[in-house]
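Listed below are the residues making up each chain.
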Amino acid sequence: MGRPFILFATLGIFCCATAGANNIGTVYTNAKIYTANKQAPWASALVVKGEKIAHVGDHSSALAYTGPGARVVDLAGKLILPGMVDAHTHPGMVAASHDFLEMEVVQDRAVLMKNVAEMITSNPDREFILGGSWDNGTFGKTGPDKTALDKIESERPVILFDYWGHSVWVNSRALEVAGIDRDTQDIIPGFSFYQRDASGEPSGWVTESASSLFVNNFLSITPTVENELVGFLTYLRSMGVTTLLDAGNFGIDDETYAALSRLDKSGRLPVRYHASFTLFVPQDYETAISQVKALNEKYGSDRLRIDTLKIFHDGVIETRTADMFDDYLDTPGNSGDSLFSEEQLHSLIIKLSKEQINVHVHSVGDKSTNKFLNAVERAHETLGGPPPIRIAICHLETVLDTDFYRFKDLGVIASFTPAWHGNVADHNVISAIGDKALSQMRAQPMIADDAVVTFSSDITTAEGWRNEAANPYYGIQIGHNRQPIEGGANARYAPPRSERLRLDTLVDGYTINGAYQLGRSHELGSIEVGKQADLVVLNQNLFNVSRYDVHKTKPVAVIMDGKLVHGEL
């Protein structure tokens, strides 16, 4: 079948030699090309010349454009997508966790303690025990206690993450090594704190920003971690991700970006890397912008751009630290909290606008999101128009109905992690917020209003990498179905069912909208003339297969800047 096609292609090129003699490139033809360009969403052929897309159309127009001498690649009907953009991930944290110990997440406390004991005793040579995970609902509102761990291990530090990575359970030795005692001040009482016992001593449960600072005592970016970083980024590229946003490293930003800079300078950085400085403790408020600039001046390049401030604005529902309008049902008097006031956020947006630094905000609670939207609205008034930066709010697990429609009006990007959209609320979340647990992570109102919505993996551990949580096709299937991969059509739905998103919406969120979030939609994110030639050739057409087989999609080839970087054609 190849020979007749080659003969036809040769005749076509010959006939059009005059029209395209000076435009020789590579023709990719006989394809299903989803361009992510609303004006012309589908094509069947394209031409790449150097690093750029030179022509998009059909077989005849592509051959006419190139003239004789072009390389012609027959894709036999395969689907091509633009290069993917992961709009929120944490490669540094993934790499740093490569040797974390993992145990099964269980809700029975006796089984959990048995698993913890086995994990600790089976690793006698480790200087400290760092791993997880445990279910947040196992210990109630006061969290776990150090004494249970002390009975198993008292000589070495033990630090165990909860399932969502927003708190740690530690033993007395870990508290001692980290220098935490009864005189240590909470970062934000009720939000980022060291849980105390009746006598005022730290009990061994550390939440939110305080937990990040705590864990940093036991982390470092070693050569092994640097190699893991290359491995994870290479994996992302093999999945078709050619550009990403590192949404922060919580106190180890400098070490992480130093490692990335070394990779960049040696030609080993596999993807375009946008990065952020993490503002997660109040004392960094005044210096946050200067720290973004300093990191970019020190490590930045065309491929590695540290151009975003990540604000870790509130917590999560599982630890009762997300900032909510209503009190948590099981902890009356507590509605969580957020890092800054509306006035502080407004001032920060004005300063970021002056410096042309984007902002990316972690916000789970409805009050946290409302507060930030109010600050953006005030910035519009102060500036006499929209801030000249990209403003994104991520997670958005609970949002007031009246706030959904402010995103488009204020030019705020809504960023979601669709792999979470199949999570059916468990007993812990329902105990905290009741019926609100049945309508979490709603992207549809913003999509219907034509706001910009982006999608991401947001993984923080190597375990997530191993479990395919960073695979965009897993995210696309879960976002499409509101069901986990396991169980297929029989898996439980995460309500509301109206939030099952369209496939083209999900692909747009992973491509053109992601590029927009990073300020690069003029050159990335869609298959259009003049843009960088980032192309993903897939083994199946995810638009045509069963909705429960989308996750089986894999790239057979990935092209970045016009060069084949994965697979073969």
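What counts, and at which threshold
Residues numbered from 1 in each chain as written. Predicted model: local features only at pLDDT ≥ 70, side-chain atom pairs only at ≥ 80, totals over all residues. Heavy atoms only, no water. Buried < 20%, exposed > 50% of the residue type's maximum accessible area, 1.4 Å probe, protein only. Helix = DSSP H or I, 4+ residues; strand = E, 2+ residues; numbered from the N terminus. Pairing = 2+ DSSP bridges. Right-handed = clockwise from strand over helix to strand, strands pointing away. Salt bridge = Lys/Arg side-chain N within 4 Å of Asp/Glu carboxyl O. Domains from an automatic or database assignment. Contact = heavy atoms within 4.5 Å. Buried area = accessible area lost by both parts, 1.4 Å probe. Polar contact = N/O pair within 3.5 Å; in protein donor to acceptor, adjacent residues only side chain to side chain. Nonpolar A, V, L, I, M, F, W, Y, C, P; charged D, E, K, R; others polar. pLDDT = per-residue confidence, 0-100. Axes fitted to C-alpha atoms, helices over the stretch in contact; angles between N-to-C directions. Phe/Tyr/Trp six-rings, centres within 6.5 Å; stacked < 30°, edge-to-face > 60°. Lys NZ or Arg CZ within 6 Å of the ring centre and 35° of its normal.

Trainee: Even after reading the chapter, I still don't get the pairing of strand E16 (residues 272-279), so can you show me in this structure?
Mentor: Two faces make up the sheet, and in a regular strand the side chains alternate between them. Burial runs high along E16: 8 of the 8 residues are buried. Here E16 shows a buried face lined by Arg272, His274, Ser276 and Thr278 and a second buried face lined by Tyr273, Ala275, Phe277 and Leu279. Here 7 bridges tie E16 to strand E17 (residues 304-312), and the two strands are oriented parallel to one another. Of the residues in E17, the one forming a bridge with threonine 278 is lysine 310. Assessed by its sense of winding, the connection that carries the chain from E16 through helix H11 (residues 288-299) to E17 is right-handed.

Trainee: Quick question: what am I supposed to make of the pattern of salt bridges here?
Mentor: Close approach of charged atoms lets side chains of opposite charge pair. A complete count under the given rule lists 26 salt bridges for this structure. Of the charged contacts in the structure, one is a salt bridge between arginine 502 and aspartate 504, with a shortest N-O distance of 2.7 Å. Residue classification places aspartate 504 among the partly exposed positions, given a relative accessible area of 22%. A single network of salt bridges, built from pairs that share partners, joins Arg272, Asp534 and Asp561.

Trainee: Just checking my understanding: could you explain the domain arrangement of the chain for this structure?
Mentor: Taken domain by domain, the chain holds domain 1 (86-91 + 220-559) and domain 2 (108-218). Summarising the inter-unit geometry, the C-alpha centres of domain 1 and domain 2 are found 27 Å apart. Listed by partner, the interface residues are 27 residues for domain 1 and 20 residues for domain 2. When domain 1 packs against domain 2, close to 1800 Å² is buried across both sides, 65% of that on carbon and sulfur atoms. Between domain 1 and domain 2 we count 0 salt bridges in total. Between domain 1 and domain 2 we count 6 residue pairs in polar contact (both at pLDDT 80 or more) in total. The class makeup of the residues in the side of domain 1 that touches domain 2 is 9 nonpolar, 13 polar and 5 charged.

Trainee: When you look at the confidence of the model for the chain in this model, what are you seeing that I'm missing?
Mentor: Residues shown with low pLDDT carry predicted positions that ought not to be read at fine detail. The pLDDT averaged across the chain works out to 93; a share of 96% of its residues lies at or above 70. Scored below 50 in pLDDT, residues 1-22 makes 27 contacts in the model with residues more than four places away or belonging to other chains.

Trainee: Please clarify how the sheet that holds strand E20 (residues 412-416) should be interpreted in this entry.
Mentor: Across a sheet, strands are paired by hydrogen bonds formed along the backbone, either parallel or antiparallel in direction. Taken in spatial order, the 8 strands of this open sheet run E8-E15-E16-E17-E18-E19-E20-E21, and their pairing is parallel. Looking at which strands have only one partner, the edges of the open sheet turn out to be strand E8 (84-89) and strand E21 (453-455). The average undirected angle you get between the axes of adjacent strands in this sheet is 25 degrees. Of the strand pairs in this sheet, strand E15 (residues 241-246) and E16 are connected by 4 bridges, and their pairing is parallel. Across the sheet, residue leucine 244 finds its bridge partner in E16, namely tyrosine 273.

Trainee: Would you mind showing me how to read helix H8 (residues 208-215) here?
Mentor: Because each turn of an α-helix spans 3.6 residues, side chains separated by three or four positions end up pointing in the same direction. Here H8 lies mainly inside the structure; 7 of its 8 residues are buried. Burial in H8 covers these residues: Glu208, Ser209, Ala210, Ser211, Ser212, Phe214 and Val215.

Trainee: What is the right way to read the packing of aromatic side chains from this model?
Mentor: The geometry of an aromatic ring pair is captured by two quantities: the separation of the ring centres and the angle between the planes. Per the stated rule, a full pass over the model turns up 19 aromatic pairs. Grouped by ring-pair contacts, the aromatic residues Tyr34, Trp42 and Phe543 constitute a single cluster. The ring of tyrosine 516 carries arginine 390 above its face, with NZ or CZ at 3.8 Å from the centroid.

Trainee: Honestly, the sheet that holds strand E24 (residues 563-567) in this entry has me stumped. Any pointers?
Mentor: Strand order in the open sheet formed by 6 strands is E3-E2-E7-E22-E23-E24, with mixed pairing between adjacent strands. Unpaired on one side and paired on the other, strand E3 (42-43) and E24 mark the two borders of the sheet. In this structure, strand E23 (residues 555-560) lies alongside E24, joined through 4 bridges in antiparallel fashion. Bridging across to E24, isoleucine 559 finds its partner in leucine 564.

Trainee: Teacher, can you tell me more about the environment of alanine 392 here?
Mentor: Mapped onto the elements, alanine 392 comes out in strand E19 (residues 391-395). Residue alanine 392 is classed as buried on the basis of its relative accessible area, which comes to 2%. In the structure, alanine 392 is positioned 33 residues away from alanine 425 in sequence and 25 Å away in space, judged by C-alpha atoms. Leaving out residues up to four positions away in the same chain, alanine 392 has contacts with Val359, His360, Val361, Ile413 and Gln517.

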